[in-house]
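One letter stands for each residue in the lines below.
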Amino acid sequence: MLAGHLRDQLYVLVAPGTGQAGGGPPGVRVDTDGALAFSAILLTLLRQATTVRLLCHTLDFFDAAGMSALADAARALPDRKIVLEGTNETVRLAWELSGFADPSMPVVMTP
């Protein structure tokens, strides 16, 4: 990327993890333990592209801290957009029921 130039879109694969320390199933978990890092990564990506697309087909768990980190990053740069592609119904419903699915929020979740 040349300095001063933004990409229109940036795709990021959210790779599957190894599951919980207790031997849970493999899959991506965005929770309290990783919320600060998740927020920092999102902000870095948003500074480089007008739209950041996270490919989330393996996202299994997204807690309130992770959702807050996503919302905070989106609010920090409201002229940018975050699209989470491949989110499951549970993640989308949790986002909505937690009050984050606001039309002013530049975050889109798709199946």
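Structure first, text after, so check above.
Here the structure is a predicted model, which is why all the values come from computation and not from measurement.

**Q** What am I meant to see in the overall build of the chain here?
**A** Of the regular secondary structure elements, the chain holds 3 helices and 6 strands. Burial status across the chain gives 41% buried among its 111 residues. With the model as given, the accessible surface of the chain reaches about 6,400 Å², and the carbon-plus-sulfur share is 57%.

**Q** Please clarify how the nonpolar core should be interpreted in this entry.
**A** Nonpolar side chains in soluble globular proteins tend to be buried together. Judged by nonpolar contacts, the single largest core of 29 residues is most densely connected at Phe62, Leu70, Ile82, Leu84 and Trp95. Every element with two or more residues in this core is listed here: strand S2 (28-30), helix H1 (35-46), strand S3 (49-55), strand S4 (59-62), helix H2 (64-76), strand S5 (81-85), helix H3 (89-97) and strand S6 (107-110). Not counting residues up to four positions away in its chain, the partners in contact with Trp95 are Met67, Leu70, Ala71, Phe100, Ala101, Met105, Val107 and Met109.

**Q** Is there a simple way to think about the pairing of S5 in this case?
**A** Consecutive side chains along a regular strand alternate between the two faces of the sheet. Judged from the 5 bridges that link them, S3 and S5 form a sheet pairing that is parallel. Paired with Leu54 across the bridge in S5 is Leu84. The pairing of S5 with S6 spans 4 bridges and is classified as parallel. Across the sheet, residue Ile82 finds its bridge partner in S6, namely Val107. Taken together, S5, H3 and S6 form a β-α-β motif whose crossover is right-handed.

**Q** I keep staring at H2 and nothing clicks. Help me out?
**A** For an α-helix the count is 3.6 residues per turn, leaving residues at separations of three or four pointing the same way. Between its first and last C-alpha atoms H2 spans 18 Å; for 13 residues at 1.5 Å apiece the expected length is 18 Å, and the two agree. Of the positions making up H2, those classed as buried are Gly66, Met67, Ala69, Leu70, Ala71, Ala73 and Ala74. Those residues of H2 hidden inside the fold are in contact with S2, H1, S4, S5, H3 and S6. Of the residues flanking the start of H2, the one acting as N-cap is Asp63, its side-chain oxygen 3.0 Å from the backbone nitrogen of Ala65.

**Q** Help me out: how do you make sense of the packing of aromatic side chains in this one?
**A** A ring pair, where both rings are aromatic, is described by two values, the distance of the centres and the angle of the planes. Per the counting criterion, the structure on display carries 2 aromatic pairs. With 6.0 Å between their ring centres and 90° between their planes, Phe38 and Phe62 make a pair best called edge-to-face. Of the two residues, Phe38 is situated in helix H1 and Phe62 in strand S4; the sequence distance between them amounts to 24 residues. Neither Phe38 nor Phe62 differs from the other in exposure class; each is buried. On the basis of an interplanar angle of 25° and a centroid distance of 4.9 Å, the ring pair of Trp95 and Phe100 is categorised as stacked. For Trp95, a relative accessible area of 4% translates into the label buried. A relative accessible area of 13% means that Phe100 is categorised as buried.

Reading guide: rules and limits
- Residues numbered from 1 in each chain as written.
- Predicted model: local features only at pLDDT ≥ 70, side-chain atom pairs only at ≥ 80, totals over all residues.
- Heavy atoms only, no water.
- Helix = DSSP H or I, 4+ residues; strand = E, 2+ residues; numbered from the N terminus.
- Buried < 20%, exposed > 50% of the residue type's maximum accessible area, 1.4 Å probe, protein only.
- Areas by Shrake-Rupley, 256 points an atom, 1.4 Å probe, with all protein chains shown as cover.
- Core = buried A, V, L, I, M, F, W, Y, C linked by side-chain atoms within 4.5 Å.
- Contact = heavy atoms within 4.5 Å.
- Pairing = 2+ DSSP bridges.
- Right-handed = clockwise from strand over helix to strand, strands pointing away.
- Expected span 1.5 Å × (residues − 1).
- Polar contact = N/O pair within 3.5 Å; in protein donor to acceptor, adjacent residues only side chain to side chain.
- Phe/Tyr/Trp six-rings, centres within 6.5 Å; stacked < 30°, edge-to-face > 60°.

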